Amino acid sequence: MAGSEGDPRSTTSAAPVAIVVLLAVDAVVLAWTEMAWLTLRTADAGIPLPVSALVALVTTPLLVLAADAVLPEGRAAVVPLAAWTLTVLVAGLWSPAGAGVLPPDWRAVLLLGAGVVPGALALSWRSARATRRAGRVAPPSGG
């Protein structure tokens, strides 16, 4: 067969990098969406409903683990977490008109914590798994 269509071995090395870039773009879009919905309140009592912090709690570690699954050898797992964190910090705290889009109260801290902490835990879990895997491959030589 002359063509290599459908052959999984014929994928280029640019495909995993493109997927990690796509995951970073997804992290930026999620960060903007979560910041936009952070000011959601109940209609009757006006009680804040930080549902977007729950979304960040779930999606940020998923993005980290997805990037690690695509490129497990490198530092690709940090890319979505860094993209999300930078987007929330830059767009949330600063804008050309003055204050950013984050509300100046506990909801901003909740969103940052709900995105960064689980993402960092997933990153450390990935790092520990890689260290454990490297330990099995090349055991330390004794003496």
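Residues numbered from 1 in each chain as written. Predicted model: local features only at pLDDT ≥ 70, side-chain atom pairs only at ≥ 80, totals over all residues. Heavy atoms only, no water.

A.B. asks: Let's hear about a nonpolar patch on the surface: which residues, and what values?
C.D. replies: Among the surface-exposed residues, Val17, Val21, Leu22, Val25 and Val29 lie close enough to one another that they form a single nonpolar patch of about 440 Å² accessible area. Residue classification places Val29 among the partly exposed residues on the basis of a relative accessible area of 47%. (Patch = residues over 30% accessible without salt bridge, like charges linked within 9 Å, V, L, I, M, F, W, Y side chains within 5 Å. Areas by Shrake-Rupley, 256 points an atom, 1.4 Å probe, with all protein chains shown as cover. Salt bridge = Lys/Arg side-chain N within 4 Å of Asp/Glu carboxyl O. Buried < 20%, exposed > 50% of the residue type's maximum accessible area, 1.4 Å probe, protein only.)

A.B. asks: Report on the nonpolar core, specifying residues and quantitative values.
C.D. replies: In terms of nonpolar packing, the biggest core is built from 17 residues, with Ala27, Met35, Leu63, Trp84, Val88, Leu102 and Leu111 touching the most fellow members. Counting residues per element, the ones that place at least two in this core are α1 (14-36), α2 (51-70), α3 (78-93) and α4 (106-137). Examining the composition of this core, we find that 6 residues originate from one element, α1, more than from any other. Setting aside residues up to four positions removed in sequence, Leu111 forms contacts with Glu34, Met35, Leu38, Ser52, Ala53, Ala56, Trp84, Val88 and Leu102. (Core = buried A, V, L, I, M, F, W, Y, C linked by side-chain atoms within 4.5 Å. Helix = DSSP H or I, 4+ residues; strand = E, 2+ residues; numbered from the N terminus. Contact = heavy atoms within 4.5 Å.)

A.B. asks: Provide a residue-level description of the pattern of salt bridges, including the pertinent values.
C.D. replies: Summed over all chains, the structure comprises 1 salt bridge. For Arg107, the salt bridge goes to Asp105, with nearest N and O atoms at 2.8 Å. By relative accessible area, which is 28% here, Asp105 ends up partly exposed.

A.B. asks: Describe in detail α2, supporting the description with residues and values.
C.D. replies: Over its 20 residues, α2 runs 29 Å from end to end, which matches the ideal 28 Å to within 8%, given 1.5 Å per residue. Every buried residue of α2 is listed here: Ser52, Ala53, Ala56, Thr59, Thr60, Pro61, Leu63, Val64, Ala67 and Asp68. (Expected span 1.5 Å × (residues − 1).)

A.B. asks: How would you summarise the side chain of Ser52 if you had to cite specific residues and measurements?
C.D. replies: Relative to the helices and strands, Ser52 is located in helix α2. Excluding its chain neighbours within four sequence positions, the residues that come into contact with Ser52 are Glu34, Trp37, Leu38 and Leu111.

In short, the description is geometric, and any link to function would need to be established separately.
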